[in-house]
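Coordinate analysis (summary)
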Amino acid sequence: MSDSAGGEGGGAAGAGQDSEADGEPPHPVPLDSGEVGGASEEGVPPCAKRSRMSDEEPEQEVEPEKAPEETPTEENPTPPAQRSGELLQHEEEEEEVRDQGASERHQNGGEGAEASEEAPEEEQNECADSSTAGQHLGLDFTQNPTMLTGSWNEYSSFPENYLKGCKWAPDGSCVLTNSADNVLRVYNLAPEIYSYNWDVLPEMSPVLRMAEGDTIYDYCWYPKMNSLEPDTCFLASSSRDNPVHVWDAFYGEVRASFRPYNHLDELTAAHSLCFSPDGAQLYCGFEKMVRVFYTERPGRDCEERPTLVKKQGQIGIISCLSFSPCQAVYACGSYSRCAGLYSCQDGTLLALLPTRHHGGLTHLLFSPDGNYLYTGGRKDPEILCWDLREPGKVVFSLQRNVATNQRIYFDLDQCGRYLLSGDTEGAVSVWDTRTAPPDGNEDLLQPELRFRAHWDCTNGISIHPFMPLLATSSGQRQFPGPGDSGGDSASDTEVDGAETQKQETRQDNTLSLWWAGPLGPPAEGDQDQNTAAVEG
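Here goes a summary of the coordinates provided. Remember, it's a predicted structure, so these values are computed and weren't measured experimentally.

1. A look at the overall build of the protein chain
Check the secondary structure of the protein chain and you find eight helices and 31 strands. Counting the 536 residues in the protein chain, one finds 53% classified as buried. The contacts in the protein chain between residues at least 6 apart in sequence include a share of 62% that link residues at least 24 apart. In the form shown here, the protein chain has an accessible surface area of approximately 23,300 Å², with 45% of it arising from carbon and sulfur atoms.

As structure tokens, then:
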């Protein structure tokens with residue numbers, strides 16, 4: 001892909017951000033190695049992330065709050081991308097050894113099948129654990145998660161630079177954020193987290209910054225992204241009055257662009273993005289229209305799939321997209337407060353769900369088994385769980401506080417058991433979907449855990465693909481009240497000191513990482529037992 005967009009990756013624009021334009025990330029697509037500009041033949045780019053950051057932002061390195069002399073970034077000169085690749089390579093080698101041991105046990109007696117039959121619930125509890133992590137630790141919400149580190153100084157230089165969501169990379173090596181300054185930032189996962197050296201974790205600093213020209217509507221990773229294969233490390237983003245850009249996640253440069261045009265042959269911006277599960281296509285949402293681009297052919301050629309045909313179908317702007325993990329079906333949510341199910345082959349409307357939400361849909365997710373669809377809207381207090389085996393039936397609803405038009409993300413773990421969502425009050429709620437009533441009476445499902453993650457709106461949450469790690473982002477547009485500008489008296493400030501402090505702490509523009517697993521490394525014997533259990 002060589003059709004790059006010039007002149008649109010410059011400085012961040014600061015004005016005119018819409019709260020409802022906070023996009024949720026889907027996923028990106030593979031490119032031929034010959035089309036990737038600047039990648040080295042050895043497979044790992046030569047310190048591209050660090051050199052760019054040092055040239056553009058010399059003040060990038062942020063001293064940790066504790067033990068600054070132990071900052072790992074100064075002790076280890078290895079580039080962040082290469083460190084993440086080495087970790088993943090070591091984990092894949094461990095996975096191969098475990099797979100060989102599992103196959104030998106299966107051939108010798110099939111003990112794993114008996115173990116799974118005896119304890120199906122335990123197997124389900126650990127289905128979110130990934131053998132690639134080498135830790136075999138599942139999510140544990142019997143207690144509040146522990147905050148490990150975060151990034152806050154990065155968002156303090158720009159006025160009201162609130163975040164608009166975060167998304168783990170599919171391989172778990174880094175996390176991507178969007179913010180009001182129209183800059184996408186990539187943060188690498190610190191190696192110290194793997195070794196439980198949490199007392200020396202410094203504040204996180206981005207290894208890449210990718211600036212769009214205007215308000216970012218949506219962004220997504222390539223679903224098969226792997227840091228060991230630089231050709232697969234890219235993401236897509238859409239911004240106002242700009243084409244869809246494909247960014248190189250190693251160098252931070254525009255690798256290609258897709259240019260959608262309307263019926264007047266005018267360039268129009270996509271409101272939502274989502275890669276197909278195989279990464280071969282990029283689906284873009286517009287008003288009463290979905291356009292499908294083939295990722296190997298950048299440019300303007302695309303397939304148009306109207307959602308409204310002869311006044312029948314789904315109206316409104318397609319604000320969010322999601323693909324079923326089990327069937328050739330994708331879902332579209334619109335600002336008209338409804339969701340539709342479509343065939344991946346030709347875009348045929350399969351089902352139009354009833355209008356049950358109070359506001360326009362801003363996020364939707366399929367369950368891992370593809371039987372359920374979760375939908376949430378703006379200024380809407382509920383997340384609804386739809387049974388797709390009986391389209392139109394709501395199994396249960398989840399209550400959260402969403403008082404603004406801002407997009408508030410929610411996320412499911414790999415098993416589909418835990419659903420997590422933030423709210424406008426800064427809290428994160430955790431629901432166990434297995435505790436839902438089996439008869440499906442649309443009962444209000446109570447959260448298993450609720451903890452305060454930020455002092456401001458928690459708008460983004462993302463669960464790590466194979467580790468008990470959570471990423472949360474916070475912030476929102478601040479509107480001063482009638483009395484906020486009248487503080488000309490020092491006595492008023494002293495008397496209302498508590499209220500002033502409350503207003504100051506309310507502006508919390510932060511990316512945070514949370515540990516939601518056991519609070520210590522497992523013993524070697526226990527780890528071997530856990531390894532055998534997971535392999536079985």
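2. Some thoughts on the nonpolar core
Membership of the largest hydrophobic core comes to 36 residues, with the highest contact counts inside it found for Leu176, Leu184, Trp221, Leu235, Val244, Leu282 and Cys284. Of the residues forming this core, the biggest block, four residues, is contributed by strand E6 (residues 216-221). With near-sequence residues (within four places) excluded, leucine 184 lies in contact with Leu176, Thr177, Asn178, Leu208, Arg209, Met210, Ile216, Tyr219, Leu235, Ser237 and Trp247. Ranked by size, the runner-up nonpolar core spans 21 residues in total, among them Cys166, Trp168, Leu189 and Tyr194.

3. Examining the sheet that holds strand E23 (residues 393-399)
Ordered by their spatial adjacency, five strands build an open sheet running E20-E21-E22-E23-E27, and the pairing between neighbours is mixed. Edge strands, defined here as strands with exactly one partner in the open sheet, are strand E20 (361-366) and strand E27 (443-445). Strand-to-strand twist of the sheet, defined as the mean angle between neighbouring strand axes without regard to direction, takes the value 25°. Across three bridges, the pairing between E23 and E27 is parallel. By the bridge assignment for E27, serine 397 is matched with leucine 444.

4. Concerning the pattern of salt bridges
Side chains that differ in sign of charge can pair as their charged atoms come close. Scanning all chains against the criterion turns up 13 salt bridges. Glutamate 154 is paired through a salt bridge with arginine 185; the nearest N and O atoms lie 2.7 Å apart. Taken together, the residues span a long stretch of sequence, with glutamate 154 in the loop between strand E1 (146-151) and strand E2 (163-168) and arginine 185 in strand E4 (residues 183-188) at a distance of 31 residues. Accessibility assignment for this pair places glutamate 154 and arginine 185 in one class, buried. For arginine 305, the salt bridge is made with glutamate 303, and the minimal N-O distance between the two is 3.0 Å. By relative accessible area, which is 4% here, arginine 305 ends up buried. Each of Glu154, Asp181, Arg185 and Arg209 takes part in salt bridges that share partners, so that together they form one network.

5. Some remarks on the sheet that holds strand E13 (residues 303-306)
A sheet is described by the order of its strands in space; here four strands give the open sequence E10-E11-E12-E13, paired in antiparallel fashion. Every other strand in the sheet has two partners, leaving strand E10 (272-275) and E13 as the edge strands with one partner each. The mean inter-strand angle of the sheet, taken between neighbouring strand axes irrespective of direction, is 20°. When strand E11 (residues 281-286) meets strand E12 (residues 289-294), the two strands line up antiparallel, connected through six bridges.

6. What to know about the side chain of threonine 232
Among the secondary structure elements, threonine 232 is positioned in the loop between E6 and strand E7 (234-239). A polar contact is formed between the side chain of threonine 232 and the backbone nitrogen of asparagine 226, at a distance of 3.0 Å. Among all residues touching threonine 232, those that are not within four sequence positions of it are Tyr222, Lys224, Met225 and Asn226.

7. Regarding the environment of asparagine 153
Note on placement: asparagine 153 falls in the loop between E1 and E2. Along the sequence, asparagine 153 and asparagine 509 sit 356 residues apart, while their C-alpha atoms lie 8.9 Å from each other.

What counts, and at which threshold
- Residues numbered from 1 in each chain as written.
- Predicted model: local features only at pLDDT ≥ 70, side-chain atom pairs only at ≥ 80, totals over all residues.
- Heavy atoms only, no water.
- Helix = DSSP H or I, 4+ residues; strand = E, 2+ residues; numbered from the N terminus.
- Buried < 20%, exposed > 50% of the residue type's maximum accessible area, 1.4 Å probe, protein only.
- Contact = heavy atoms within 4.5 Å.
- Areas by Shrake-Rupley, 256 points an atom, 1.4 Å probe, with all protein chains shown as cover.
- Core = buried A, V, L, I, M, F, W, Y, C linked by side-chain atoms within 4.5 Å.
- Pairing = 2+ DSSP bridges.
- Axes fitted to C-alpha atoms, helices over the stretch in contact; angles between N-to-C directions.
- Salt bridge = Lys/Arg side-chain N within 4 Å of Asp/Glu carboxyl O.
- Polar contact = N/O pair within 3.5 Å; in protein donor to acceptor, adjacent residues only side chain to side chain.

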